[in-house]
Amino acid sequence: MDAVTVIASVAGRLAGQMLLSKLKTWRRPEVVELRKIIESVLHEVLSEHLIGEGADLTGRADLIDRAQHVESALSPLLARTDVAERLLDAALAGTTPAFDDLDGLLRGQSTDRRSLGFDLDDFLSDVTVRLRTKVLAAVKRSSSALFHHVVIGTLDSRLPTVPAENRVTGLALPPPQHFVGREADADHLRARLIPPSDDDTPRLQVVTAVQGLPGVGKSTMAAFLAHDGEIGRAFPHGILWANLGAGAKEQTRTELARWVRALDQEPDPSWPVPHLSSRLAAVLRHRRMLLIVDDVFAADEAAPFLVGGQHCAHVVTTRQPAVARGVASGQHQVYPLKVLTPQASFALVELLAPEVTTSHPEEVRALVKRLDGLPLVLQVAANLLVGYMGAGLSVQSLVDALGRDAQLLAQAPPPTLAGLVNETSPTVAAVFSRSVSVLDAVSQLRFAYLGSFGGEPRIFTLDQAAAEWAAIPATDVDAAMPQPEDTIRELVTRGLLETVGPGTYRLHAVLALYAHWLLGNL
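Every value quoted in this text rests on a predicted model; they were computed, and no experiment measured them.

A. Structural view of the pattern of salt bridges. Counted by the stated rule, this structure contains 18 salt bridges. A salt bridge links Arg 130 to Glu 44; its shortest N-O distance comes to 3.3 Å. Taken together, the residues Arg 130 in helix 6 (residues 120–139) and Glu 44 in helix 2 (residues 28–50) connect sequence positions 86 residues apart. With a relative accessible area of 21%, Arg 130 lands in the partly exposed category. Judged by its relative accessible area of 29%, Glu 44 is partly exposed. Here Arg 190 ties to Glu 230 by a salt bridge, and the two come within 3.6 Å at their closest N and O atoms.

Pasting the structure below:
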């Protein structure tokens, strides 16, 4: 047997010794791939240290004895869990292995490092550098079983705290300028997200779903949490924000790639969603981060983002009760975000339009009652009130009109809330249209007909809805008509109706206004 073959065999056996500690904790495909890399590196480094570059191997039978001696010296050393772990961790983290006790370990096994014929520190350092280079090259391949957690999974538990100005990754909404009537909600959610102690005790992955009507302030609440100082201290490695919205198949990959790019490396365009999600799981394994997925319309579209480690927390916002139940860790982790109370609604309008509320308090109270505590439309209405009063127009006439015609729906949301919709020219109507557009044609038409119900609030029974829908002209329907209860169930599932009792339902006042507007447009 020649010296080259012997060195290759020694490299293979030493690689096996180094991986003894990983066999019980890593999956087999990962161990197999890493062993091939370690074996290749050891073969290269042993060859260079024992033979030298360009050396003539003819008549070098002494190399076989040297290689076998090196194996007998290094094998028990690399088989030690503490030594192998230190060497692998240093290689995968790109640091220099700390072996202050190396001489003592060698003496303990009656080995003189001088008998190796090369400097052991240089040898181990060379192995470390080459191992990291080859592993990094391997995990860039989408077919690699290692993914990225092999590279950073062992030593990134001591990641540096992210500065406040760089804390949020993704296209998050800015901190809310007006956060009225939501203090109790924020306290409840903060208590759910922040671990009960600062120790490193792992906990089960928790996903909190914030569910509510379009325009009720789910995204605003998420933005508050993303920029909250107490949340920032609890998750010092940062906040990840993704916005999905309706029809989010392509958006899912875009947002995942944004996260991978920020935390890891430039993702390969060929990587599919599962690979991007797996890389995130590896990167996040030891980090303390808050992951926010905003405006989710389908539970399966949120799933690739729910990959935080045991020290991460997750917030998903959705309009749909079914999606909230599908993504939350349990029903107790679904947080229904309700409309503002009349007092908080008035306070919000008063903050935005103080002169109007001072001079027309009763008119504003009537408007607040009509708009039923929906923050988005309250802010839009307040802006309209300020404009009317500034132009010398009748505030009373505007108050009478708002809530009874489509003027409110045609307005743009405040600039800080423009991210609620993806349209180039966002309007209040566009915010609601995203919920209705996912319905089939018959359900859309039936929802529009609910706008004909009068009264405040709009409360009706299944029989009343069925009677209203029976009056739909046949020419308006191009598909088979489902049973009324099927449509009611779909509207409740989509968060467009609220169940208030057996067979009794409530349509929010502004949604009723939108339904009436939609019927005219249909």
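That was the structure; now back to the text.
B. Molecular detail of the confidence of the model for the protein. This prediction gives the protein a mean pLDDT of 80; 81% of its residues lie at or above 70. Contacts of residues 421–425 to residues separated by more than four positions or lying in other chains number seven contacts, the stretch itself having pLDDT below 50.

C. Structural context of the packing of aromatic side chains. One pass over the structure, following the stated rule, counts five aromatic pairs. Note on Phe 447 and Tyr 514: the rings are 6.4 Å apart at their centroids and 40 degrees apart in plane angle, and the pair reads as tilted. Residue Phe 447 is located in helix 21 (residues 441–449), and its partner Tyr 514 is located in helix 24 (residues 509–521); the two are separated by 67 residues in the primary sequence. The buried category is assigned to Phe 447, whose relative accessible area is 0%. Overall, Tyr 514 belongs to the buried group, its relative accessible area being 2%. Residues Phe 460 and Tyr 505 carry aromatic rings whose centres are separated by 6.4 Å and whose planes lie at 40 degrees to one another, so their mutual orientation is tilted. Of the two residues, Phe 460 sits in strand 7 (residues 458–461) while Tyr 505 sits in strand 9 (residues 504–507), which places them 45 residues apart along the sequence. With respect to burial, Phe 460 and Tyr 505 carry one shared label: buried. Linked through ring pairs, Phe 447, Tyr 514 and Trp 517 together constitute an aromatic cluster.

D. Region of interest: the layout of surface pockets. Each pocket or cavity is described by its volume, and for the second largest pocket that value is around 460 Å³. Forming the boundary of the second largest pocket are 21 residues, of which Gln 211, Gly 212, Leu 213, Lys 338 and Glu 498 lie nearest the centre. Where the lining of the second largest pocket is concerned, the elements lending two or more residues are helix 14 (321–327), strand 6 (334–336), strand 8 (498–501) and strand 9. Considering every element that reaches the lining of the second largest pocket, the biggest residue donor is helix 14, with three residues. Partitioned by chemical class, the residues of the lining of the second largest pocket number eleven nonpolar, six polar and four charged.

Cut-off values and rules
- Residues numbered from 1 in each chain as written.
- Predicted model: local features only at pLDDT ≥ 70, side-chain atom pairs only at ≥ 80, totals over all residues.
- Heavy atoms only, no water.
- Salt bridge = Lys/Arg side-chain N within 4 Å of Asp/Glu carboxyl O.
- Helix = DSSP H or I, 4+ residues; strand = E, 2+ residues; numbered from the N terminus.
- Buried < 20%, exposed > 50% of the residue type's maximum accessible area, 1.4 Å probe, protein only.
- pLDDT = per-residue confidence, 0-100.
- Contact = heavy atoms within 4.5 Å.
- Phe/Tyr/Trp six-rings, centres within 6.5 Å; stacked < 30°, edge-to-face > 60°.
- 1 Å grid on protein atoms, 1.4 Å probe; cavity = no way out; pocket = protein on both sides within 12 Å on 5 of 7 lines; lining within 4 Å.
- Points joined across faces, edges and corners; volume = space filled by probe spheres on them.
- Nonpolar A, V, L, I, M, F, W, Y, C, P; charged D, E, K, R; others polar.

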